[in-house]
Structures are given as C-alpha cells and as structure tokens.
Amino acid sequence: MEPTAPITQDVLTLPRKDDPSAKPNLVGMTRDAMRAALIDMGTKEKQAKMRVNQIWQWIYQWGKRDFDAMTNLSKDYRAQLADHFVIEIPEVVSKLVSDDGTRKYLVRIAGGHEVEVVYIPEDGRGTLCISSQVGCTLTCTFCHTGTQKLVRNLTAAEIIGQVMMARDDLNEWPEPGTRTDQNQPRLLSNIVLMGMGEPLYNFENVRDAMKIAMDPEGIQLSRRRITLSTSGVVPEIARTADEIGCLLAISFHATTDEVRDKLVPINKRWNIEELLAALAAYPKVSNSERITFEYVMLNGVNDSVEDAHRLVDHIKRHEIAAKINLIPFNEWPGAPYKRSSNNRIHAFADIIHEAGYASPIRRPRGEDIMAACGQLKSATERARKSRKQIEAEAGMGS
Ligand code: SAH
Ligand code: SF4
C-alpha cells in the first residue's frame with residue numbers, strides 16, 4: 001500500500017459546531033439501546049428485536065453504513081431509518097505506512113479533535129492499538145500523551161469506530177450473507193487498548209464498544225483477543241473482569257512506591273500493594289490467561305538487578321499468573337528519561353525468565369512513522385500547531 005499524504009494534511013478544517021438537531025448514531029449503541037431507539041421511532045415492540053438483529057448484522061458483520069444496502073429491510077423502513085439515524089465512524093484524516101507494514105491512522109472525531117490508531121501486522125495476523133480518550137488526565141512522567149491536557153473521553157461509537165475504520169482499510173468485511181471464517185487468520189485479530197488515554201477513566205464507553213467488538217453476530221473477536229491496559233485504576237479492575245471480561249495489562253513500571261509515585265502518579269492513590277491485590281483477584285478462565293505487566297525500561301531509574309528481583313518477588317508473593325512485557329523507552333523530544341541499554345534490558349529479562357515468567361522485549365515497530373507507544377501525541381500536536389499557524393496567518397487568532 002502506498003503511504004498517503006503527510007499527517008499534517010487537511011488541518012484547515014476547523015472544529016464543527018455541535019448540532020443539537022443531529023440525528024443519533026446507530027454505531028456504538030448497545031443492542032438494548034438500539035432496540036429502544038427503534039421503538040421510539042415507531043417500530044412495533046414485537047418486531048424490534050428482529051430489526052436490531054438485521055441492522056446489527058449489516059453494520060457489524062458486513063461493515064455497511066448505507067441504509068440502502070440493507071436489502072432485507074423494506075424500502076419504506078430503510079427510508080424511515082435514514083430519517084432518524086446516521087451510521088457514522090470517525091473520518092480518516094491521514095494514513096502513514098511504515099517500512100515494516102505498521103499503519104498509523106489519524107482520525108477526526110466530532111469537535112475537530114484528532115486521535116491516532118495504529119495497526120501492527122504480524123505473520124498474517126495483526127493487532128490494532130486503539131485510543132479511549134483524547135489526551136489523558138493522568139501525568140505519567142515518561143509518557144508523551146501524559147503531557148497533553150485531556151480534551152475529552154471518546155464515545156463508544158468513536159472507540160468501536162476505530163476498529164471499523166481499520167477493517168475498512170484492511171478490506172476485511174465478509175461478503176453480505178457470509179460470516180467471518182473463524183478458521184482463517186484475520187488481519188485484524190487482536191485489539192489492545194494501549195493508545196491515548198486511560199480506558200478505565202472512560203469505563204462505560206470502553207465497555208460498550210468492546211461488547212460490540214465481541215458480539216458473535218458482528219466483529220466476533222474473542223474476549224481473549226482484547227487487552228485493556230490500565231495505569232492502575234484499582235476500583236475499576238474488578239469491574240473490567242465482570243463487565244468486559246477481556247485480558248488485562250498493567251502499566252507497572254516500578255517496583256517501589258517511591259519510584260512508582262513518580263513514574264505513574266496514580267500510585268499515590270492506589271499503591272503497589274493495593275494494585276497487586278486487585279490483580280491477584282482478577283479472574284481467569286484458563287491458565288493461559290495471564291496478566292501482562294508492562295515495564296518501560298528507563299536508564300538508571302527502574303532497570304537495576306534489584307528491581308528485576310523485586311518485580312519477580314511482588315508477582316510471586318501474590319501468586320499472579322503473569323508475563324512481563326519489557327518496553328524499551330520510546331524517547332520523545334524533551335523527555336526527562338533515557339532508554340536503558342540493550343545489555344541492561346537483556347539482563348533484566350534474563351532474571352525474570354529464570355524465575356519462570358515470560359519476559360518478551362517489545363520490538364520497536366513503525367519507528368519511521370512514530371507509531372510507538374507513548375508517542376501517540378506528537379503528530380496530533382504537530383497538526384494542532386499548524387492549524388494554529390494557519391489561523392494566525394488568516395488573522396483569526398487562536
Ligand atoms: N493509559 C493506559 C494505556 C495507554 S499507554 C496505560 O497507561 O496503561 C500504553 C502503554 O505504553 C503503557 O504501558 C504506557 O505506560 C506505555 N508508554 C507510555 N509512554 C511510553 C514511552 N514513551 N515509551 C514506552 N512506553 C510508553
Ligand atoms: Fe495516561 Fe497511560 Fe500515558 Fe499514564 S501512560 S499518562 S495513564 S496514557
């Protein structure tokens with residue numbers, strides 16, 4: 001695929017005014033909400049469930065967003081739907097493709113905000129890294145997103161819309177009337193909530209969107225193929241198990257409260273022991289369901305041999321089924337840390353591995369397009385800056 005125009009294109013579009021007469025979006029509604037909306041529109045109660053099933057399949061099984069394509073509905077009913085609703089997902093502003101096949105999309109959501117979505121292909125499968133907020137209210141000191149002021153939570157439509165957008169781009173919707181073949185590898189086989197934002201601070205929208213992703217009459221991703229990454233919002237961890245049921249990753253990053261208070265300030269609210277207790281209680285259906293400990297390797301900060309032993313100790317003491325994902329720090333301009341040396345990272349990995357835990361080192365992907373974790377801010381900021389410049393040049397002020 002050819003790389004498309006640079007990410008700064010089309011920054012002239014100014015934020016849209018929110019239109020109070022705007023029609024509700026069917027995308028992002030739960031089945032119950034859609035049923036209620038159809039009944040409101042005048043659909044008979046007895047028929048509403050069937051209509052939801054039909055519309056759901058068109059939208060989420062076959063990726064159709066045009067009511068006229070819904071050929072098992074009468075023309076009149078389709079016209080009625082079009083009068084009352086829209087089927088909308090975020091608009092792709094630009095797409096960059098890395099030499100290694102990683103795709104980074106910039107999508108625009110209502111209000112003119114922009115969010116990044118990254119697709120990472122691997123052996124005929126692939127992981128989509130999606131965002132849950134514009135920016136983040138938390139201020140982890142190594143994270144570029146954390147330096148950006150939160151603009152807002154994404155809606156469920158905007159969250160599941162990122163998945164639908166990527167399926168469009170990968171051309172992965174099955175033909176109408178057929179189903180996704182579960183025996184075939186899927187290009188978009190996994191979702192990770194590891195983009196911008198803290199998903200557990202936008203719980204309901206993330207939950208509703210992931211329920212849609214897992215729905216057996218739609219996108220049909222197994223709950224085991226969805227991983228939610230949190231910085232450690234302890235009270236919402238049990239809720240994640242109950243209400244979403246996906247796998248969990250935790251931004252652990254430090255082995256003492258003193259260091260974790262600095263790196264992941266939410267630690268001052270819920271400290272390491274409270275966090276570990278919540279993780280130990282996270283239910284799993286099978287032994288293969290381990291919690292991923294994300295650990296960013298920061299030179300001289302959290303990468304000592306003692307740290308590695310303490311990390312293993314924490315996990316053992318709480319009997320957590322875990323794997324440890326070591327992330328070489330992605331440096332960004334002005335970052336207060338440096339990446340640990342490869343030797344350090346490998347020595348750290350060896351200690352964990354010898355203790356009996358998988359300790360993969362995350363391979364940098366999409367570096368040439370700045371698609372890496374924690375960098376999902378730069379392009380947006382760049383785009384913002386140039387919009388400001390454009391406005392200034394046009395004498396509009398900022
Ligand atoms: N807010 C959530 C999910 C988004 S961040 C969370 O914090 O878990 C996804 C992962 O990337 C987290 O583990 C985060 O700590 C890590 N990360 C952030 N900035 C990074 C950077 N500059 N280098 C490496 N990893 C980073
Ligand atoms: Fe927010 Fe996660 Fe970045 Fe922390 S690491 S600032 S929680 S996005």
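Procedures and definitions
- Residues numbered from 1 in each chain as written.
- Chains lettered and ligands numbered in written order.
- Predicted model: local features only at pLDDT ≥ 70, side-chain atom pairs only at ≥ 80, totals over all residues.
- Heavy atoms only, no water.
- Helix = DSSP H or I, 4+ residues; strand = E, 2+ residues; numbered from the N terminus.
- Buried < 20%, exposed > 50% of the residue type's maximum accessible area, 1.4 Å probe, protein only.
- Contact = heavy atoms within 4.5 Å.
- Areas by Shrake-Rupley, 256 points an atom, 1.4 Å probe, with all protein chains shown as cover.
- Near = heavy atom within 4 Å.
- Nonpolar A, V, L, I, M, F, W, Y, C, P; charged D, E, K, R; others polar.
- Polar contact = N/O pair within 3.5 Å; in protein donor to acceptor, adjacent residues only side chain to side chain.
- Core = buried A, V, L, I, M, F, W, Y, C linked by side-chain atoms within 4.5 Å.
- Domains from an automatic or database assignment.
- pLDDT = per-residue confidence, 0-100.
- Pairing = 2+ DSSP bridges.
- Axes fitted to C-alpha atoms, helices over the stretch in contact; angles between N-to-C directions.
- Phe/Tyr/Trp six-rings, centres within 6.5 Å; stacked < 30°, edge-to-face > 60°.
- Lys NZ or Arg CZ within 6 Å of the ring centre and 35° of its normal.

When helices and strands are tallied, the protein shows 11 helices and 11 strands. Taking all 398 residues of the protein together, 53% fall into the buried category. Intrachain contacts of the protein at a sequence separation of at least 6 include 68% that bridge at least 24 residues. In the form shown here, the protein has an accessible surface area of approximately 18100 Å², with 50% of it arising from carbon and sulfur atoms.

Here the focus is unusual backbone geometry. With phi around 55°, N171 is a residue other than glycine that occupies positive phi space. Mapped onto the secondary structure, N171 falls in the loop between α4 (156-169) and β7 (190-193).

Every residue near ligand 2 is listed here: C136, L138, C140, C143, G146, G197 and S231. The residue inventory of the shell around ligand 2, partitioned by class, reads 4 nonpolar, 3 polar and no charged.

What follows deals with the site of ligand 1. Taken together, 20 residues surround ligand 1, and among them G197, S229, S251, H253 and N330 come closest. Within the backbone of G197, a nitrogen or oxygen atom sits 2.8 Å from a nitrogen atom of ligand 1. The side chain of E294 places a nitrogen or oxygen atom 3.0 Å from an oxygen atom of ligand 1. Surface burial for ligand 1 is 96%, taken as the share of its 530 Å² of free accessible area covered by protein chains. For the shell around ligand 1, the secondary-structure elements that each account for two or more residues are β8 (226-230) and β10 (291-297).

Glancing now at the nonpolar core. Residues F142, I160, M210 and F293 are the most contacted members of the largest nonpolar core, which totals 106 residues. For this core, the element with the most residues is α4, which contributes 8 residues. Counting contributing residues, this core receives three or more from each of domain 1 (31-84) and domain 2 (101-393). Every residue in contact with I160, bar those within four places of it in the chain, is listed here: V27, G28, Y60, A209, I212, A213 and I219. By size, the runner-up hydrophobic cluster in this structure holds 5 residues, among which are V118, C129, V192 and A249.

The next subject is the confidence of the model for the protein. In the predicted model, the protein carries a mean pLDDT of 88, and 87% of its residues have values of at least 70. In this model, residues 1-17 is a region of pLDDT below 50 whose contacts with residues beyond four sequence positions or in other chains number 40 contacts. Low pLDDT, under 50, characterises residues 382-398; the predicted model gives this stretch 21 contacts beyond four residues in sequence or across chains.

On to the sheet that holds strand β4 (residues 125-129), then. Taken in spatial order, the 9 strands of this open sheet run β1-β2-β3-β4-β7-β8-β9-β10-β11, and their pairing is mixed. Both outer strands of the open sheet, β1 (91-97) and β11 (322-328), are each paired with one neighbouring strand and no more. Each neighbouring strand pair of the sheet contributes to a mean axis angle of 20°, computed without reference to strand direction. Pairing analysis gives 3 bridges linking β4 to β7, with the strands arranged parallel. Looking across to β7, one finds that L128 is bridged to I191.

Relative to the assigned elements, P199 resides in the loop between β7 and α5 (203-214). Spatially, the C-alpha atoms of P199 and C136 are 9.5 Å apart, while their sequence positions differ by 63 residues. Setting aside residues up to four positions removed in sequence, P199 forms contacts with S132, L193, V206, L228 and S229.

What follows deals with the pairing of strand β2 (residues 103-108). The element β2 is largely enclosed, with a buried count of 6 among its 6 residues. Here 6 bridges tie β1 to β2, and the two strands are oriented antiparallel to one another. Note that in β2 the partner of E91 across the bridge is R108. Judged from the 6 bridges that link them, β2 and strand β3 (residues 114-122) form a sheet pairing that is antiparallel. Note that in β3 the partner of K104 across the bridge is V118. Taking the residues between adjacent antiparallel strands as the criterion, β2 and β3 are bridged by 5 residues, where G111 takes a positive phi near 95°.

A few words now on the pairing of β3. Here β3 pairs with β4 via 5 bridges, running antiparallel. Across the sheet, residue V118 finds its bridge partner in β4, namely C129.

Glancing now at the packing of aromatic side chains. In this description, a pair of aromatic rings is defined by centroid distance and the angle of the planes. Overall, the coordinates contain 5 aromatic pairs when judged by the stated rule. The lysine or arginine in question, R167, covers the ring of W173, its NZ or CZ lying 4.7 Å from the ring centre. Over the aromatic face of F252 sits the side chain of R260, whose NZ or CZ is 5.5 Å from the ring centroid.

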